[in-house]
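# Examination of the molecular architecture
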Amino acid sequence: MTDMFPDPGDDWQPKFKRLLLDLDARIDSAIFQAGKWARELYERFTATMDSWHVAGWRRWILVEPLSEMATLGTGGLFLMLALGIPAFRQTSDEDWLKKSDLAVTFLDRYGNEVGNRGIKHNESVPLDEFPDHLIKAVLATEDRRFYEHFGIDFQGTFRALMTNAQAGGVVQGGSTLTQQLAKNLFLSNERTYQRKINEAFLALWLETHLTKNEILKLYLDRAYLGGGAFGVDAAAEYYFGKSVRDVTLSEAAMLAGMFKAPTKFSPLVNLPAARARANVVLDNLVANGFMTEGQVYGARRNPATPIDRTAEDAPNYYLDFAFDEMRKLVDTFPKSVNDRYFVVRTALDSNLQRYAEHEIENELRQYGHDYGASQSAAVFADLDGGIRAMIGGRDYGASQFNRATEALRQPGSSFKPYVYATALANGFTPNSVISDSPVCIGNWCPHNYAGGFSGNVTLMEAITHSINVIPVKLSILLGNGNPKLGRAMIVQTARNFGIHAPLPDTPSLPIGADEVYVYEHAVAYATFPNLGRAVAPHAALEVRTGTGQLVWRFDRDGPKPKQVISPQVALDMIKMMNSVVENGTGKRAQLDGIKVAGKTGTTNSWRDAWFVGYTGNFVGAVWMGNDDYSPTKRMTGGTLPAMTWHNIMAYAHQGIELHPLPGFPAPEHAPPMTDTSFVASDEPHPALLTRKGTDALIAVEHMLDDANHALTAQDAQGGPPATLDGGKQGALGSPNAFATAADRVTAASSRGD
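Now for the overall build of the protein. Counting secondary structure elements, the protein contains 24 helices and 14 strands. The burial tally for the protein puts 48% of its 753 residues in the buried class. Taking all contacts inside the protein whose residues are at least 6 apart in sequence as the whole, residues at least 24 apart take part in 69%. A total of about 37300 Å² of accessible surface is found on the protein, and carbon and sulfur atoms cover 56% of it.

What follows deals with the state of the cysteines. Note: disulfide means a covalent bond formed between the sulfur atoms of two cysteine side chains. Enumeration over the complete set of coordinates arrives at one disulfide. Between the sulfur of cysteine 440 and that of cysteine 445 lies a disulfide, 1.8 Å long from S to S. Here the disulfide of cysteine 440 and cysteine 445 is right-handed, its torsion about the S-S bond being about 105°. Assessed through its relative accessible area of 45%, cysteine 440 is described here as partly exposed.

Following both chains from N to C, one finds helix H10 (residues 249-257) and helix H11 (residues 271-287) inclined at 100°, their axes separated by 8 Å at the closest point. Of the possible angle classes, the one that applies to H10 and H11 is roughly perpendicular. Contact residues: H10 offers Leu249, Ala253, Met254, Ala256 and Gly257, while H11 offers Leu271, Ala274, Arg275, Arg277, Ala278, Val281, Leu282 and Leu285.

All right, on to a nonpolar patch on the surface then. Taken together, the side chains of Trp57, Trp60, Ile61, Leu62, Val63, Leu66 and Met69 present a nonpolar region at the surface, about 800 Å² in accessible area. Its place among the elements puts tryptophan 57 in helix H2 (residues 57-89).

Next up on the list: the confidence of the model for the protein. With 80% of its residues at a pLDDT of 70 or more, the protein shows a mean pLDDT of 85. Of the regions scoring below 50 in pLDDT, residues 681-690 engages in three contacts with residues more than four places distant in sequence or in other chains. When the criterion is pLDDT under 50, residues 721-753 qualifies, and its contacts beyond four places in sequence or with other chains add up to 52 contacts.

Moving on to the pattern of salt bridges. This structure, assessed with the given rule, holds 25 salt bridges. Measuring nitrogen to oxygen at the nearest pair gives 2.5 Å for the salt bridge that ties arginine 245 to glutamate 129. Of the two residues, arginine 245 sits in the loop between helix H9 (232-240) and H10 while glutamate 129 sits in the loop between strand E2 (113-118) and helix H4 (132-142), which places them 116 residues apart along the sequence. Residue arginine 388 is joined to aspartate 382 by a salt bridge in which the shortest nitrogen-to-oxygen separation is 2.5 Å. Several salt bridges share partner residues, and in doing so they unite Arg109, Asp349, Asp382 and Arg388 into one network.

What follows covers the sheet that holds strand E4 (residues 375-382). If you walk across this open sheet you meet the five strands as E5-E4-E14-E13-E12, and the pairing is antiparallel. Of all the strands in the sheet, the pair left with one neighbour each is strand E5 (387-391) and strand E12 (597-602). Across the sheet, the mean angle separating the axes of adjacent strands is 5° when strand polarity is ignored. Together, E12 and strand E13 (608-614) form the strand contacts of helix H21 (residues 567-583), whose direction differs from that of E12 by roughly 60°.

Here we take up the sheet that holds strand E3 (residues 341-346). What the five strands build is an open sheet, ordered E2-E1-E3-E9-E10; its pairing is mixed. The open sheet terminates on both sides in strands that have one partner only, identified here as E2 and strand E10 (550-553). The mean inter-strand angle of the sheet, taken between neighbouring strand axes irrespective of direction, is 20°. Sheet analysis places strand E1 (residues 103-107) next to E3, joined by five bridges and oriented parallel. Residue pairing across strands places alanine 103 opposite tyrosine 341, the latter belonging to E3.

A separate point is the environment of alanine 421. Locating alanine 421 in the fold gives a position in helix H15 (residues 416-424). With a relative accessible area of 0%, alanine 421 lands in the buried category. The spacing of alanine 421 and serine 566 is 145 residues in sequence and 9.8 Å in space, taken between C-alpha atoms. Not counting residues up to four positions away in its chain, the partners in contact with alanine 421 are Phe497, Phe528, Val569 and Met573.

Conventions used here
- What you see as residue numbers is a count from 1 along each chain, following the sequence as written.
- With the structure being a predicted model, the display of local features is reserved for residues of pLDDT at least 70 and the display and counting of side-chain atom pairs for 80 or more, all residues being used for whole-chain, interface and lining totals.
- Side-chain descriptors were evaluated using all non-hydrogen atoms of the structure, hydrogens and water having been removed beforehand.
- Only DSSP runs of H or I reaching four residues or more are called helices, and only runs of E reaching two or more are called strands; each is numbered from the N terminus.
- Only protein chains enter the calculation, and the probe is 1.4 Å; a residue is then buried if its accessible area is under 20% of its type maximum, exposed if over 50%, and partly exposed in between.
- Contact criterion: two residues are considered in contact whenever any of their non-hydrogen atoms come within 4.5 Å of each other.
- The accessible surface values rely on the Shrake-Rupley method and a 1.4 Å probe; as for residues, cover is taken only from the protein chains in view.
- Pairs of cysteine sulfur atoms within 2.5 Å are identified as disulfides in what follows.
- Only the contacting stretch of a helix is used when fitting its axis, a line to C-alpha atoms as for every element, and angles between N-to-C directions run 0 to 180 degrees.
- Note that the term roughly parallel is reserved for angles under 35 degrees, roughly antiparallel for angles over 145, roughly perpendicular for angles of 65 to 115, and oblique for everything else.
- Patches in this entry comprise residues that are over 30% relatively accessible and not in a salt bridge; like charges within 9 Å are linked, as are nonpolar side chains (Val, Leu, Ile, Met, Phe, Trp, Tyr) within 5 Å.
- Note on definitions: salt bridges are taken to be side-chain nitrogens of Lys or Arg within 4 Å of carboxyl oxygens of Asp or Glu.
- One number per residue, pLDDT, summarises how confident the predictor is, and it ranges from 0 to 100.
- DSSP bridges decide pairing: two strands pair if at least two such bridges lie between them.

Here you go:
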């Protein structure tokens, strides 16, 4: 027996083989048992499902439709989730409701109040104090089923679709009041499907987080009703000079009619249209059962009449720009600043603003028809970028579209200084010679304004006479034969100067075919008199809370100037651009006694005409053309725009200390006024500080603010308290503190401004 089954002894190989056989057997057995159990489970499942089998009419009438509905519903749920995520991201900020309450009172550079923007929520009228007829007028016109739907009114949407289809156009909107509030709080006015989808989801979100009365109150407080008025209380004050508590039925109907289109139905813009719209609101009140015909009869016979504001001259385009700036700026404030009401001192010069508005309107009324121009935009600023005057159009009441900050227009030859600055920064000089001869990039061949070619010309001569061929050839030379590379260098220069418009790469970019914003283009030119330091356009100089606490100051907290070209390149450009004014296309911009540098611009088909220029004190741009891009009657930048620029700048330089344009001697006197009939105000002015006195006080105020800022920082670090008795114990303890303050006051007084 031992021979048949020998003892393996210490031989490990037989043991290992038996172990593997045992493991294989166990695996085979487990797989077999698992298959057996799976088969039994499947048989049980099949038997169970067979017991639920439905055949015949029950299957096709009940089971199949329910199954399809469940499948589609699940898919639709995932689709809605995917579409809703972008909308719900808008509500991620827990402070969303508070952030929408920003309110600002604006002062000009000398401390005079010039206007307000936003909503003072803590001063708003409670909903129960709103007149009943006003609430009914709004609901009857904007959302008659407001208290019945859940944010989206499918019945109302279907009714609007049918009404619009029968009318052959849009005569009735389908958005609920909640959807309109969602748009006002979180979204823009862009007409896209994405916005409508987001609007619907946000309306549902609002309905779950706020009561109906809270939604209605927010809607009445947030809606824009024209004239810079947000909310019905501000609108009642603006149009009728009274609180919303006191508006009559006819006035309430007129206010309710403006929610749809505040500019179109503004009684200050088109009173007959506003009254016709108010009559529609009265019809809605009767048709929807809110009032009887007898109750609205008096309002029909005695329509509302707004107060006359034609004599008012609030700088509304400027205020809109400043308010947009504040909306961005407030997000940069420390978290410790919880206020939502601020007082902002701006760079606005109220007298210059009024004169610029008067001058542009006067020029267009007198010469606009001859030149075929109906609109204008202009910006005038200090050399540090502070905007002193902004004109966004001829009539804010007729159009709130700010052509100075929102319209993209081709700059024409006024873009060429960026090309020449790029060339000078890369080895060229004003005396570099280039041949004015035919050149083509692909199928595009530029032509000069006067036709023909001039042969060899210097860069000084080329910019003076606005030759088109030379900037195009420079783009080729800058790129070492690759014009695309050269244009990229030019775009980078424009970006460094402060141009943030798209500037797509096209062969005609060097001669101004790409579009720019007026305010950016104007302030970008300040880089030249600043000897190569680019500055940012801005309105705000100081921001304080309603209690007077200083929270932001431009000279301390704003963006600092950035050196983007060398001082020598800037000096060369100033001389070249001065030649444009004295010997070339910009002669009508010359100021008697003051050196001016600038550039004219005229685009293809005469659609846009510009003059952009600067002195040792200010920089400014004037654009003229038409909103519909129709051509003018051969108007060039050297005609009406240069004339208008000259007149406004002549006024701007009255009564100030004149600074020399770098590279030129100091001016001897201010230029004479061409229009002496303008009076800033017919009302007597109270006694005010002089400009020197104002600047001196501001310098002292800045010193005290700096000292307080240093004390606060020292307290936060746990340092010893500041004292007035010397040593290094804080800002006020510094022996040089008051000497520094005196220097700043003296410097401010000597500037004159």
